[in-house]
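Fold and contact review
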Amino acid sequence: MTRAALVFAVLCAALTASAGAQPLRAGAARVEITPPLGGAMYGYGARQGVSAGVHDPLYARAVVLSAGGETVALVALDMGSVRRGSVERVRAAVLESVPVDVLLLMASHSHSTAVYSEHPTAENPWYRLTEAGIVRAVESAYGALTPARLRAGTGEADLCHNRRALQDDGSVEMLWENRAGVATSPVDRTVGVLALDGEGGEAIATLVNFACHPVILGPDNLELSADYPGVMGRRIEETAGGVALFIPGAAGDINPFWDKTPLGEGAFDQVEKAGSALAEAALDARRSAASVSVETIRHSTRELELEARWDFDSAELRQRFDAAGAGQYFDYYRERYLAERRTEVSAVLLGDSVGLATFPGEFFVEHGLRLKAQSHLPHTFFVGYTNGELGYFPTIRAAGQGGYGATEGTVVAVGAGERLVDGALIALLELSRRLSDAPDF
C-alpha cells in the first residue's frame with residue numbers, strides 16, 4: 001500500500017469510528033392519559049363501584065435516547081399493567097414516524113387506575129386513546145432530541161416491607177400492612193437514578209427505579225390516581241425540571257408500610273408522604289450522581305413462550321376453582337396466560353456501565369437483587385411490569401412455601417422467573433463484552 005493510500009485508509013477509519021460513536025442525545029415528553037370516568041378500576045377484587053373522580057391526572061412520560069446509531073424509547077405509564085396487544089399496536093404506530101430500535105412500555109402498577117375494557121364504548125375504548133397518547137409522547141420526545149449528558153446515582157428510601165412473613169414451620173403468612181415499619185427481609189431500599197441533562201445543565205429527564213407496590217390507596221378509593229409514583233414525579237419535575245419517570249422494580253412481594261389505607265385513615269396523606277420521601281431520595285441521588293460516558297447504546301431482545309403453571313384444560317382443576325368459589329379467577333388466569341404467554345425480555349446497555357433489563361410481570365424482589373448482584377455493571381436497573389402482564393413470578397423457593405403471588409395470582413411455570421433473569425444476565429454480560437467466544441489465555 002502506498003503512503004497516500006495508507007493515509008486515506010486511516011482517515012476513512014477515523015471518520016467511520018467517529019460516525020459510529022455519535023454522542024448521546026435525549027428528548028423527553030409528557031402526555032396526559034387520564035381515562036374517562038365511569039369505568040372499572042384496576043387492582044382490587046374487593047372494590048365496589050367504578051371511577052367517580054380524578055384525584056391526580058395520569059400520564060405517559062417518554063424518554064428517547066439515541067447514540068451510536070441506536071435509539072431506545074422508554075415510556076413510564078400511570079397504569080396498572082400494559083398488555084402485549086397494546087405493545088404491538090403502539091410499536092407499529094411509532095415505527096411509522098419514529099426510527100426506534102427498542103420500545104419499552106413500563107406500567108407503574110398503581111391500583112387506582114383503569115382496567116382494560118371497552119369503556120366508554122366498544123368503538124372507542126379508553127385504552128385505544130391511551131395508546132394514541134403514548135405514540136404522541138414518543139414522537140414528541142424524539143422530536144425534542146438534543147445533545148445530552150447522562151449521570152447515574154443511587155439513594156435509599158425506607159418505605160416498604162416484604163409482605164411474606166415466613167413462619168417457624170416453613171409456611172407463609174401474608175403481612176399486608178406494616179405501619180410500624182418493622183424490618184422484614186428481603187427488601188430492596190435502593191433508589192436508582194439516571195439524570196439526563198442538556199449541554200447547558202438544564203434537566204431533560206430523571207429516571208427513578210424503585211421496588212414497591214403503588215397500593216397505598218385501597219379498594220374504597222374511587223378516584224383515579226397514580227398513587228405515590230405520581231407525587232414523586234410531580235415533586236421532581238417541580239424541583240429539578242424536565243420529565244420524571246417512575247421505573248418499577250422487582251416489587252412482586254413488596255408492599256408499602258401503609259398498604260391499602262382506608263380514605264378515612266388518611267390514605268392520600270400517606271400517598272403524599274411516601275411520594276415526597278421517594279422524590280427527596282431521588283433528588284439527593286441526582287445531585288451527587290456521577291457522569292457516565294455514552295457513545296454507544298447496545299441492546300438485545302429475546303422473544304419466548306412461557307409454559308403455564310396450571311393445566312388450564314383440566315376439568316378437575318376448573319372444578320376445584322369452582323368449589324372454592326373462585327371460578328371467575330380461573331377464567332381470568334386462563335385468559336391472561338393465553339394472551340400473554342408469548343413475551344419478550346429486553347436488555348439495554350448505555351455506554352459501558354449502565355444496564356437495564358425489562359420483564360413482563362411482577363417479579364419477587366430476590367430476582368431483582370440477584371440481577372443487580374450478578375450483572376458486573378456499576379449501575380443495573382431491574383425493570384418490571386414492562387411490555388406484558390404475565391402476573392407474578394415467584395422464586396422457586398417461594399413457590400414451594402406458598403402464599404399469595406407464589407400460588408395465587410401466578411400463571412407461569414415454577415422457575416420461569418429464574419429462567420428470564422438468567423437470560424437477561426447473559427444478555428447484559430454479552431452486551432458489556434464480559435462474555436467472549438474465545439478463551440482468555
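1. Structural notes on the overall build of the protein
- Helices and strands together make up the secondary structure of the protein, namely 10 helices and 21 strands.
- Computed over its C-alpha atoms, the radius of gyration of the protein comes to 22 Å, within 12% of the 22 Å expected for a compact globule of 441 residues.
- Dimensions along the principal axes, computed over C-alpha positions, put the protein at roughly 85 × 50 × 50 Å.
- Across the 441 residues that make up the protein, the buried fraction comes to 55%.
- Within the structure as shown, the protein displays about 18,500 Å² of accessible surface, and the carbon and sulfur contribution to it stands at 51%.

2. Some details on the sheet that holds strand E18 (residues 354–358)
- Spatial ordering of the open sheet is given by E16-E17-E18-E20, a layout of four strands whose pairing is mixed. Two strands lie at the open edges of the sheet, namely strand E16 (297–305) and strand E20 (379–383), each paired on one side alone. On average, each strand axis in the sheet is inclined to that of its neighbour by 10 degrees, with strand direction left out of account.
- Here E18 runs beside E20; their pairing, made up of five bridges, is parallel.

3. Brief notes about the environment of isoleucine 297
- As for its placement among the helices and strands, isoleucine 297 is situated in strand E16.
- Looking at isoleucine 297, the relative accessible area reads 4%, which means it is buried.
- A C-alpha to C-alpha distance of 6.0 Å links isoleucine 297 and glycine 351, two positions 54 residues apart in sequence.
- Beyond its immediate stretch of four places on either side in the chain, isoleucine 297 contacts Leu65, Ser66, Ala67, Glu70, Val72, Val348, Leu349 and Leu350.

4. Re the environment of aspartate 158
- For aspartate 158, the location among the structural elements is in the loop between strand E6 (146–156) and strand E7 (160–162).
- For aspartate 158 and phenylalanine 393, which are 235 residues apart along the polypeptide, the C-alpha to C-alpha distance reads 24 Å.
- If we ignore the near neighbours within four places in the chain, the residues touching aspartate 158 are Arg189 and Phe257.
- A distance of 3.1 Å separates the side chain of aspartate 158 from the side chain of arginine 189, its partner in a polar contact.

5. Here's the deal with the state of the cysteines
- According to the stated counting rule, one finds one disulfide in the structure shown.
- Note on cysteine connectivity: cysteine 160 is disulfide-linked to cysteine 212, with sulfurs 2.2 Å apart. The disulfide joining cysteine 160 to cysteine 212 has a torsion of about -110 degrees about its S-S bond and is therefore left-handed. Here cysteine 160 is found in strand E7, whereas its partner cysteine 212 is found in the loop between strand E11 (203–210) and strand E12 (223–224), with 52 residues between them in sequence.
- On the basis of relative accessible area, cysteine 212 is assigned to the buried category, the value being 3%.

6. Focus on the nonpolar core
- With 34 residues, the main nonpolar core has Val75, Leu77, Leu103, Leu105 and Val138 as its most contacted residues.
- Of all the elements in the fold, those that place two or more residues in this core are strand E1 (25–32), strand E3 (59–67), strand E4 (70–77), helix H2 (84–95), strand E5 (102–107) and helix H3 (126–143).
- With seven residues, the top contributor of residues to this core is H3.
- Here leucine 105 is in contact with Val75, Leu77, Val82, Val87, Val90, Ile134, Tyr385, Thr386 and Asn387, once residues within four sequence places are set aside.

7. Re the layout of surface pockets
- Counted as a void, the largest pocket has a volume near 1,100 Å³.
- Gly43, Tyr44, Gly45, Tyr329 and Tyr404 are, among the 39 residues lining the largest pocket, the residues nearest its centre.
- Per-element tally for the lining of the largest pocket: the top contributor is helix H7 (residues 327–340), with six residues.
- Each residue belonging to the lining of the largest pocket can be placed in one class, and the counts come to 18 nonpolar, 11 polar and 10 charged.

8. A word on the packing of helix H4 (residues 227–240) against helix H5 (residues 267–288)
- Interaxial distance between H4 and H5 falls to 7 Å at its minimum, and their mutual angle equals 45 degrees. One way to sum up the angle between H4 and H5 is to call them oblique. You can see that H4 and H5 cross each other, and the crossing is right-handed. Judged by residue contacts, Asp227, Tyr228, Val231, Met232, Arg234, Arg235, Ile236, Thr239 and Ala240 of H4 engage Val271, Glu272, Ala274, Gly275, Ser276, Leu278, Ala279, Ala282, Leu283, Arg286 and Arg287 from H5.
- Broken down by class, the residue content of the contact of H4 with H5 amounts to 11 nonpolar, three polar and six charged.

Quick notes on the rules
Along each chain, residues carry numbers from 1 onward, in the same order as the chain's sequence is written. The predicted origin of the model limits local features to residues at a pLDDT of at least 70 and limits the giving and counting of side-chain atom pairs to 80 or more, whereas totals for whole chains, interfaces and linings rest on all residues. Excluded from the side-chain calculations are hydrogens and water; all other atoms, namely the structure's heavy atoms, are used. A run of H or I in DSSP counts as a helix once it spans at least four residues, and a run of E counts as a strand once it spans at least two, with each numbered from the N terminus. Atoms considered for the radius of gyration are the C-alpha atoms alone. The globule rule reads 2.2 Å times the number of residues to the power 0.38. Whether a residue is buried, partly exposed or exposed follows from its accessible area with a 1.4 Å probe, protein chains only, as a fraction of its type maximum: under 20%, in between, or over 50%, in that order. Here the Shrake-Rupley method, with its probe set to 1.4 Å, supplies the accessible areas, and only the displayed protein chains count as covering residues. In short, DSSP must find at least two bridges between two strands for them to pair. Angles shown run from 0 to 180 degrees and are taken between the N-to-C directions of axes, each axis being a line fitted to C-alpha atoms and, for helices, limited to the stretch in contact. Note on definitions: a residue-residue contact is assigned when non-hydrogen atoms from the two residues lie within 4.5 Å. Pairing of N or O atoms within 3.5 Å defines a polar contact, subject to two protein rules: one partner must be a possible hydrogen donor and the other a possible acceptor, and residues neighboring in sequence count only if both atoms are side-chain atoms. Criterion for a disulfide: a pair of cysteine sulfur atoms at a distance within 2.5 Å. We call a set of buried residues a nonpolar core when its members are Ala, Val, Leu, Ile, Met, Phe, Trp, Tyr or Cys and they connect through side-chain atoms within 4.5 Å of each other. Cavity and pocket criteria rest on a 1 Å grid covering protein atoms alone: a 1.4 Å probe that fits but cannot get out defines a cavity, protein on both sides within 12 Å along at least 5 of 7 lines defines an open pocket, and an atom within 4 Å of a point defines a lining residue. Grid points are joined across faces, edges and corners, and a volume is the space filled by probe spheres set on the points. All residues other than Ala, Val, Leu, Ile, Met, Phe, Trp, Tyr, Cys, Pro, Asp, Glu, Lys and Arg, Gly among them, are scored as polar; the first ten of these are nonpolar and the last four charged. If an angle is under 35 degrees, it is roughly parallel; if it is over 145, roughly antiparallel; if it lies from 65 to 115, roughly perpendicular; otherwise it is oblique. A clockwise turn of the near helix away from the far one marks a right-handed crossing, whereas an anticlockwise turn of less than a right angle marks a left-handed crossing.

So far we have only geometry, and geometry alone does not tell us how the molecule works.
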